[in-house]
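# Structural features, examined
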Amino acid sequence: MALRLIQSLPLLCQFGIRRFPVGPACPIRLQRTINSGQFSCVACLCTSADRCIQRHGCRKQDFSVRNLTTVVKEPSFFPISSVGLHKDSVPRLCLTQLHRPSAGDEQSFQQRLETCTSSRQVFRLLRSMEIMSDTMAAAALHRVANLEQEGTALRDPTVLEDATIRTLCFQLEQDSERLTDAGLVSALLACTRLFLDPWSTLMVRLVLESQIRLDRGQITVGQLCTLGQAMLAMEGPGSGMLEQVMAQIQKQEPAQWGLSDLVAVYKLLQGHVGEDGKYRDLLNAVHTHAVTVTSRMDPGAVSCVLNTLVTLNQMQAMPLVIRLCKQAVRHVPNFTDEELTNVLGALMHFGHSDHYFVEAMEKHVPTIAFTSHPETVTKVAQFFGRRNILSSAVFDAVAESFVYRASDYSTSQVARQIMAFGKLGYLPPNASLLFRNIEAILHTRYSQFQPRTLLNLLHACVLVKRFPVNFLSKVFSSYFLQQLRYQNSVIDQGVLAQLTQLYMTVKLECPFYEGPRLLPKYRVKSFLVSGHSLESPVDPQLYNSVKNGLVDLLGDRSYFGSRVLTPYCYTLDVEIKLDEEGYVLPACQTDDVYKRIALCIDGQKRFTRNIRQLLGKEAIKQRHLRLLGYEVVQIPFYEFEKRNTQVSVVEYLHQRIFPHTYRLTW
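Per-chain numbering applies: the sequence of each chain, read as written, is numbered from 1 onward. A pLDDT threshold of at least 70 governs which residues receive local features in this predicted model, and a stricter bar of 80 or more applies before side-chain atom pairs are shown or counted, although totals over entire chains, interfaces and linings include all residues. For side-chain calculations, the full set of non-hydrogen atoms in the structure is used, while hydrogens and water are omitted.

## Some thoughts on the overall build of the protein
How we decide: Numbering of helices and strands runs from the N terminus; a helix is a DSSP stretch of H or I covering at least four residues, while a strand is a stretch of E covering at least two. The buried label applies to any residue whose accessible area, calculated with a 1.4 Å probe on protein chains only, is under 20% of its type's maximum; exposed applies above 50%, and partly exposed to all values in between. For this analysis, residues touch if any pair of their heavy atoms sits within 4.5 Å. The Shrake-Rupley method, run with a 1.4 Å probe, gives the accessible areas here. Residue values count only the displayed protein chains as cover.
When you go through the protein residue by residue, the secondary structure sums to 28 helices and 9 strands. Considering the protein as a whole, with its 666 residues, one finds that 53% of them fall into the buried category. A fraction of 73% describes how many contacts in the protein between residues 6 or more apart in sequence connect residues 24 or more apart. Of the roughly 31,400 Å² that the protein leaves accessible, carbon and sulfur atoms contribute 50%.

Below, the structure written as structure tokens:
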């Protein structure tokens, strides 16, 4: 790639790419190891002026006052190359290789960089430095990128016009052959993060020098990863230099890597390099080594590795996920918002949670709920909701934070937080204020909601007996249904089930509702939908135990029905029919039925994990069945499992189902 860049530079004019003179460059005070007057052609890098003119027709220039160029390209890249300034306006920056600053000086500089909150502060810091190493210069460029990068562009592209950064880039260009390996690859990566023109002289020289050193095969693993990330940004996964980088990494033995090298390899693999099963053997070897060093990982390393495992969907790496979760417990108070968001997202992805991690989060969340990034607070609610963990400390803090700064949350974040409350069937102490804010958001930002997001939010509300009727009516309109169909050519069964349950809710629990009806073609016949069920299937083992007890209680298997689908979409675990005098009727009989008893055999999956509270979808099912005329009898697992003998099982079932009837023995 580097050779192709160099060979192509003289041809730029043939492709209509304009080149503009910038002006003469004033001499900068440098500590050099070679003659400062050495000739070097920008286009062909010939060291002899006469040979350059003979071979390429380059124009002979006086390099004591050098004309420099930039390349005009598409707006996503910013052309920057050597820059010429008047001598009295040039910041005096000095990159040194002979007398490098001490490790303490570099660390102090890095700490001062981290305190800079704007690019202008970074530039002031650079101007205050009398001498700096190439790694310090690269770190400054990275800090500017951190402050200015927004998606695939810079917030303020004019920062690249500042004399300080242009002079710094000129220094890096001129000294590219004398940069350390670490400084070279770090500077190249920083330039890609600043979206500098890949055809600029600075970028060409850095790439060329990187290729030369890559061919020598002496770059460390961490530096190879930095170079790989730069080439990935410039050329994508098909980069030839990137393949050469990966080939050299694969020759290394992961067991001999330091922790920083290990994390660097994970970062590189995360950037689309390890997708589609590529480098599977390398990944497995890295996972094996990572398991042995998780106890030494800092918060950033834990977050990075977990995020990479998610990106590459490494489901086979569960032993590593478990170890990382244990290490995360120690770092919960020290995670940044972004790191904690990544950790929670990974644990949700792999379906894992640790008791100690949950306890640490319960202590930590109330202290950060009002100051953390909105996405972090949302991820906290999602994590506890996804893992069915009802923590009043966490959800009360989330609810209070929502009321305090509702305007900070996006529509997606609002919906995801309330979905967690709905799933767990939990109402916080400030529920009235919470849902008043939600209704206000629906009024003011209704047009900003995506159809599926709005549907999820409204469905979560009804799970906890909150009915925003004015907006419920809108989801049954033909316009809204067309929007749902526009997002997906066919509305999936999970969405239709939500619509059906919402319609049942307004008919059963909102008698004053007079809005549009949901057309029959949009209604489902059963809420037991694969992938997105609105009710939980009965636990087979618990069901069999209850069934055997019912046979002994009622005298025959024919006196109760199992897994009965009602006309109201709900599936009954067990249905018992009674006549007007209270006698049990055969399950197949349809006449003279006076009362129907619905047995809800509630296994562990129908409750929250840490508190014996029904999940929201099970609570609304039982609520609706009662409104439909069923007598609902709960058989919770934690009561039934205490019965160790068949006699005690039958006695328990009799007390639950027929509490006021004397039992006859058969």
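## Some points on the nonpolar core
Our working rule: Among buried residues, those of type Ala, Val, Leu, Ile, Met, Phe, Trp, Tyr and Cys that are joined through side-chain atoms within 4.5 Å constitute a nonpolar core. Reported domain spans reflect what an automatic or database domain assignment gives.
Ile 249, Met 297, Leu 309 and Phe 357 are the most contacted members of the largest nonpolar core, which totals 175 residues. Counting contributing residues, this core receives three or more from each of domain 1 (89-252) and domain 2 (540-658). Ranked by size, the runner-up nonpolar core spans 27 residues in total, among them Val 538, Leu 553, Val 574 and Phe 607.

## Notes on helix H7 (residues 181-193)
Heads up, the condition is: Here a helix's expected span is defined as the number of its residues, less one, multiplied by 1.5 Å.
Taking 1.5 Å of rise per residue, 13 residues should cover 18 Å, and H7 covers 19 Å from first to last C-alpha, within 8% of that figure. With respect to burial, H7 is a largely interior element, 11 of its 13 residues being buried. Along H7, the residues classified as buried are Gly 183, Leu 184, Val 185, Ser 186, Ala 187, Leu 188, Leu 189, Ala 190, Cys 191, Thr 192 and Arg 193. Considering only its buried residues, H7 is in contact with helix H5 (134-148), strand E3 (149-150), strand E4 (153-154), helix H6 (163-174), helix H8 (201-216) and helix H9 (221-235). One or two steps after H7, the chain reaches Phe 195, where phi turns positive at roughly 60 degrees.

## Quick notes on unusual backbone geometry
A positive phi angle, close to 50 degrees, is found at Asn 313, a residue other than glycine. Judged by its relative accessible area of 42%, Asn 313 falls in the partly exposed class. In this model, Asp 592 sits at a positive phi of 60 degrees, which is unusual for a non-glycine residue. Mapping Asp 592 onto the fold places it in the loop between strand E7 (584-585) and strand E8 (595-602). On the basis of relative accessible area, Asp 592 is assigned to the exposed category, the value being 63%.

## Some details on the packing of aromatic side chains
Rules: In this scheme Phe, Tyr and Trp rings, the latter by its six-membered ring, pair at centre separations within 6.5 Å, and the angle between planes marks the pair as stacked below 30 degrees, edge-to-face above 60, and tilted otherwise. Charge-over-ring contacts are defined here by two conditions on Lys NZ or Arg CZ: a distance within 6 Å of the ring centre and an angle within 35 degrees of the ring normal.
In the structure shown here, the tally under the stated rule is 16 aromatic pairs. Pairing Phe 395 with Phe 421 gives two aromatic rings, centres 5.1 Å apart and planes at 70 degrees, and the pair type is edge-to-face. With Phe 395 in helix H18 (residues 392-404) and Phe 421 in helix H19 (residues 411-424), this pair connects stretches of sequence that are 26 residues apart. There is no split in this pair, since Phe 395 and Phe 421 are both buried. Summarising the aromatic geometry, the rings of Phe 607 and Tyr 638 are spaced 5.6 Å apart at their centres and angled 70 degrees between planes, so their arrangement reads as edge-to-face. Here the residue Phe 607 occupies a position in the loop between E8 and helix H26 (616-627), and Tyr 638 occupies one in helix H27 (residues 637-640), the gap between them amounting to 31 residues. Grouped by ring-pair contacts, the aromatic residues Phe 357, Phe 383, Phe 384, Phe 395, Phe 421 and Tyr 426 constitute a single cluster. Just above the ring of Tyr 446 sits the side chain of Lys 474; from NZ or CZ to the centre is 4.3 Å. The positively charged end of Arg 563 is found above the aromatic ring belonging to Tyr 543, 4.4 Å away from the centroid.

## Description of the confidence of the model for the protein
Rules: The predictor attaches a confidence to each residue, and that confidence, scored 0 to 100, is pLDDT.
Within the protein, residue pLDDT values average 85, and 83% of them lie at 70 or more. Note that pLDDT drops below 50 for residues 5-90; the model gives that stretch 170 contacts with residues more than four away or on any other chain.

## Details of the pairing of strand E9 (residues 631-636)
What counts is decided by this rule: Strands are treated as partners if at least two bridges between them are detected by DSSP. A clockwise path from the first strand over the helix to the second, with the strands pointing away from the viewer, defines a right-handed crossover.
Bridge count for E8 against E9 is 6 bridges, and the pairing is parallel. Looking at E9, one finds that Ile 597 is bridged to Glu 631. Handedness of the crossover is the feature at issue here: the chain leaves E8, passes through H26, returns alongside E9, and the resulting connection is right-handed.

## Quick look at the side chain of Ser 186
With respect to the helices and strands, Ser 186 occurs in helix H7. Ignoring sequence-local partners within four residues, the contact set of Ser 186 consists of Ala 138, His 142 and Thr 226.

## Examining the pairing of strand E6 (residues 571-578)
Burial analysis of E6 places 8 of its 8 residues in the buried class, the great majority of the element. Pairing of strand E5 (residues 561-565) with E6 involves 4 bridges; the strand directions are antiparallel. Across the sheet, residue Ser 562 finds its bridge partner in E6, namely Val 574. Hairpin connection of E5 to E6: 5 residues between the antiparallel strands, including Cys 569 at a positive phi of 80 degrees. Sheet topology places E6 next to E8; 5 bridges connect them, and they run antiparallel. Each residue of the ladder has a partner; that of Val 574, found in E8, is Leu 599. Where E6 and E7 come together, 2 bridges link them in antiparallel fashion. Paired with Leu 578 across the strands is Val 584, a residue of E7. Joining the antiparallel neighbours E6 and E7 is a turn of 5 residues, in which Gly 582 adopts a positive phi near 95 degrees.

## Thoughts on the packing of helix H24 (residues 493-509) against H26
Note the threshold: For helices, the fitted axis covers only the stretch in contact; all axes are lines through C-alpha atoms, and the angles between them, taken along N-to-C directions, range from 0 to 180 degrees. What sets the label is the angle itself: under 35 degrees gives roughly parallel, over 145 gives roughly antiparallel, 65 to 115 gives roughly perpendicular, and the rest give oblique. For any pair of crossing helices, the crossing counts as left-handed if the nearer helix is rotated counterclockwise from the farther one by less than a right angle, and right-handed if it is rotated clockwise. In this classification, Asp, Glu, Lys and Arg are treated as charged, Ala, Val, Leu, Ile, Met, Phe, Trp, Tyr, Cys and Pro as nonpolar, and every other residue, Gly included, as polar.
Running from N to C, H24 and H26 point in directions that differ by 45 degrees, and their axes come no closer than 11 Å. One element, H24, and the other, H26, form an angle in the oblique class. For the pair H24 and H26, the sense of crossing is left-handed. Seen from H24, the contacting residues are Gln 501, Met 504, Thr 505, Leu 508 and Glu 509; seen from H26, they are Ile 620, Arg 623, His 624 and Leu 627. Looking at the contact of H24 with H26, its residues break down into 4 nonpolar, 3 polar and 2 charged.

## Observations regarding the packing of helix H13 (residues 299-311) against helix H15 (residues 337-350)
At their nearest, the axes of H13 and H15 sit 8 Å apart, and the two run at 40 degrees to each other. The angle between H13 and H15 falls in the class oblique. Judged by the sense of rotation from one axis to the other, the crossing of H13 with H15 is left-handed. Taken together, the residues of H15 that come into contact with H13 (itself represented by Pro 299, Gly 300, Ser 303, Leu 306, Asn 307, Leu 309 and Val 310) are Glu 338, Glu 339, Asn 342, Val 343, Ala 346, His 349 and Phe 350. Split into classes, the residues belonging to the contact of H13 with H15 amount to 7 nonpolar, 5 polar and 2 charged.

## Topic: H24
If you check H24, its first and last C-alpha atoms are 24 Å apart, about what 17 residues at 1.5 Å a residue would give, namely 24 Å. Among the 17 residues of H24, 14 are classified as buried, and the element is accordingly described as predominantly covered.

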